[in-house]
Amino acid sequence: MTNDIEVKVKFGGMTAIVLLLMCCFAIATHAAELNVPATVTAGSGLTIPSSGSGSATLYVVGPGTAIKRQVQLGQGIQLSAEELQNAGRYVVALDGNTATFFVIAGPVQSIAFLARPSRVPADTPNVVTGTAFVFDKYQNLVLQPQPIKFELTANGQTVSRSETTKNGVAFAKLDSSKMEGPAQFVASSGAASVRRVVQEVASDPCSIRMTAVRDKNGILARTEPIHDCAGNPVPDGTIVTFTAADAKGKSTVDARIKQGVAEAELPASNNATISVASGVVVGNEIQWRGGQ
Amino acid sequence: MKSVFPAVVALAALAVVVLVFRTPQRVLAASTASIAINVEHAAPREIEETTQKALGRDYATAWQTMTEALEQNRADLLSGNFIGTAGDKLTATIREQAKAGLHQHITDRGHVVDAVFYSPEGSAIELHDTAQLQIDVMDGSRVVHTENATVHYVALLTAAENSWKVRVLEAVPGF
């Protein structure tokens, strides 16, 4: 008797599970009736076939879109190009059936271009970086690989690099040109092109040469015009450090380059060693013997 | 008749189990999205630990505000976390939802996120996010669509003054 009850309970449980599975299957089958493509290109529109008769409420929810409208069953249901502009996942619900599909980006129409830094030293390798994100006409990120060209032009000299986007983005590191001046940095893909300006300035001094003379207050040290190794004048405002060391100690004066040269007045001394430096570059040294 | 009774009991028990276990998860998930960000594949620049933490915090906050905004049809909630096209498109979604009397209830069950690009100058990061979501599309109080879905997102975040903001958020068929 006990065994009989156990069998009935087990059988009942099994029946419940089978019924539940059948319900799930029926729901899943019913939901699959709405026939939509897996992907649609942005801005191309879509017609969804429908069956049955009478009217029903159509729901479409996706990026930038939320539609609720009455449609006639048994006819093709139109989703316009304007309604499907944004890339992403769309949910469609109609008469108890639901489906999802993806809108994917169209051809490249624009580029978001990050060019850094805005000011770089001339004649320096891999110092200018460009990062380009490619978008279609609806500002969807284009994830399919796209060819992209980076060009840096300064004083008629062009450095270029061709890359392919990955996940909608490409980047390049380029050398700055030998001569200082504004450089045009362009990223282009197909007809889309973006330009940025990068100011190339002289890099560190190549060498520093100074002279020293006695003046009424002490020693006047002055550099010759300071250039980088490509011959570009080092920008005004760059700090140059003059140092005088004698038996009394060490005196240091920081001076800025003005009109290409830097100068500093050092304390009077009859026996000093005078040196000059800017950044990591050390110039000549003068053994001062009271102006001899 | 006797054989039907256990089936009804089993279904009722199943319904109770579903209700008991489902409700607390939804409440918890709505308040905090679990975001795990893997930065091992980020290139060309490595992502520092502090940036990784900030990214996880800001991306989780962005998702939380987005789900709230889509549920309450409040675009004003987005401004702190979304900018550019992501902000524009979400705002448009909310505007259209409000117009149609719709809203979305999204239960965020967690994300597995890979950082795939970190720009050389450190101002932009691209993420590949695999999100586990329960999405309910509501017409007023009526559910017109419900699903548990694994959705893949490409997200582009840019550095703002003191946080990362989502500039692009696109669901994609796969990576």
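(A) View of the overall build of chain B. Counting its regular elements, chain B contains 3 helices and 5 strands. Pairs at least 24 residues apart make up 57% of the contacts formed inside chain B by residues separated by at least 6 positions.

(B) Summary view of the nonpolar core. Ranked by size, the top nonpolar core spans 95 residues in total, and within it Ala132, Phe133 and Leu141 of chain A together with Ile125, Ala155 and Leu157 of chain B carry the most contacts. A total of 7 residues in this core trace back to one element, the largest contributor, which is helix H2 (residues 49–72) of chain B. Setting aside residues no more than four positions away along its own chain, Ala155 of chain B makes contact with Leu127, Asp129, Val166, Val168 and Leu169 of chain B. Ala212, Ala255, Ile257 and Ala262 of chain A belong to the second-largest nonpolar core, a separate cluster that totals 21 residues.

(C) Quick peek at the domain arrangement of chain A. Residue and element names in this part refer to chain A. For chain A, the assigned domains read domain 1 (32–104), domain 2 (110–201) and domain 3 (210–288). If you average the C-alpha positions of domain 2 and of domain 3, the two centres end up 40 Å apart. The partner domain 3 presents 5 residues to the 6 residues of domain 2 that form the contact. Here the residues of the side of domain 2 that touches domain 3 sort into 3 nonpolar, no polar and 3 charged.

(D) Representation of unusual backbone geometry within the structure. Residue Pro117 of chain A follows Arg116 of chain A across a cis peptide bond; omega there is -15°. Relative to the helices and strands, Pro117 of chain A is located in the loop between strand E8 (110–116) and strand E9 (119–121). Between Ala43 of chain B and Pro44 of chain B the backbone carries a cis peptide bond, its omega angle lying at 0°. With respect to the secondary-structure elements, Pro44 of chain B resides in the loop between strand E1 (35–38) and H2. Not every positive phi belongs to a glycine, and Asp95 of chain A is a case in point at roughly 55°. Counting through the fold element by element, Asp95 of chain A comes out in the loop between strand E6 (88–94) and strand E7 (97–104). Taking the number of C-beta atoms within 10 Å as the measure of exposure, Asp95 of chain A has 18 and is therefore partly exposed.

(E) Structural context of the interface of chain B and chain A. Taken together, the contact between chain B and chain A spans 38 residues of the former and 39 residues of the latter. Every element with two or more residues in the side of chain B that touches chain A is listed here: helix H1 (4–31), helix H3 (84–100), strand E2 (102–118), strand E3 (124–139), strand E4 (142–159) and strand E5 (164–172) of chain B. Sorting elements by how many residues they give to the side of chain B that touches chain A places H3 of chain B first, with 7 residues. For the side of chain B that touches chain A, a count of residues per class yields 22 nonpolar, 9 polar and 7 charged.

(F) Expanded view of the sheet that holds strand E13 (residues 169–174) of chain A. Residue and element names in this part refer to chain A. Strand order across the open sheet formed by 3 strands is E8-E10-E13, with antiparallel pairing between neighbours. A strand with exactly one partner marks an edge of an open sheet, and here the two such strands are E8 and E13. When strand polarity is set aside, the average angle formed by the axes of neighbouring strands in this sheet is 15°. Pairing analysis gives 6 bridges linking strand E10 (residues 128–135) to E13, with the strands arranged antiparallel. Bridge pairing links Phe133 to Val169 in E13.

(G) How the structure looks around the packing of H2 of chain B against H3 of chain B. All names here are of chain B. The contact between H2 and H3 brings their axes to 9 Å, and the two run at 25°. With respect to their mutual orientation, H2 and H3 come out roughly parallel. In contact with Met66, Ala69 and Leu70 of H2, H3 contributes Leu90, Thr93 and Ile94. Partitioned by chemical class, the residues of the contact of H2 with H3 number 5 nonpolar, 1 polar and no charged.

(H) Local environment of the environment of Leu127 of chain B. Residues and elements named next belong to chain B. Structurally, Leu127 is set in strand E3. We classify Leu127 as buried; it has 27 C-beta atoms within 10 Å. Distance from Leu127 to Ala98, taken between C-alpha atoms, is 30 Å for residues 29 residues apart in sequence. Contacts of Leu127, omitting those with residues within four sequence positions, involve Tyr59, Val113, Asp114, Ala115, Ala155 and Leu157.

(I) Broad picture of H2 of chain B. Its 24 residues give H2 of chain B an end-to-end C-alpha distance of 35 Å, which sits within 8% of 34 Å, the value for a rise of 1.5 Å per residue. What H2 of chain B keeps buried is the set Thr51, Leu55, Asp58, Tyr59, Ala62, Trp63, Met66, Thr67, Ala69 and Leu70 of chain B.

(J) Up close: the pairing of strand E11 (residues 147–154) of chain A. Residue and element names in this part refer to chain A. Here E11 pairs with strand E12 (residues 157–164) via 8 bridges, running antiparallel. Directly across from Leu152, in E12, lies its bridge partner Val159. Turn length for the E11-E12 hairpin, with the two strands adjacent in sequence and antiparallel, is 2 residues, and the turn residue Asn155 shows positive phi of about 50°. Here E11 runs beside strand E14 (residues 181–189); their pairing, made up of 5 bridges, is antiparallel. Considered in E14, the bridge of Phe150 is made with Ala187.

Analysis parameters
- Going along each chain's sequence as written, the residues are numbered from 1 onward.
- Starting at A for chains and at 1 for ligands, labels are handed out in the order in which the entities are written.
- The model is predicted, so local features are restricted to residues of pLDDT at least 70 and side-chain atom pairs to those at 80 or more, both for listing and for counting; the totals for chains, interfaces and linings are taken over all residues.
- Helix numbers and strand numbers start at the N terminus; a helix is a DSSP run of H or I with at least 4 residues, a strand a run of E with at least 2.
- A pair of residues counts as a contact when their C-beta atoms, built from backbone coordinates, are separated by no more than 7 Å.
- The nonpolar core is taken to be a set of buried Ala, Val, Leu, Ile, Met, Phe, Trp, Tyr and Cys residues joined by way of C-beta atoms within 7 Å.
- To sort residues by exposure, count the other C-beta atoms lying within 10 Å of each residue's C-beta; 20 or more gives buried, 12 or fewer gives exposed, and values between give partly exposed, all with C-beta atoms placed from the backbone.
- Residue ranges assigned to each domain were obtained from an automatic or database domain assignment.
- Ten residues, namely Ala, Val, Leu, Ile, Met, Phe, Trp, Tyr, Cys and Pro, are considered nonpolar, four, namely Asp, Glu, Lys and Arg, are considered charged, and the remaining ones, Gly among them, are considered polar.
- The pairing criterion for strands is at least two bridges between them, as found by DSSP.
- Every axis corresponds to a line fitted to the C-alpha atoms, with the helix fit spanning only the stretch in contact, and the corresponding angles, defined between N-to-C directions, vary from 0 to 180 degrees.
- Each angle receives one of four descriptions, namely roughly parallel if under 35 degrees, roughly antiparallel if over 145, roughly perpendicular if within 65 to 115, and oblique otherwise.
- A helix is expected to span 1.5 Å multiplied by its residue count minus one.

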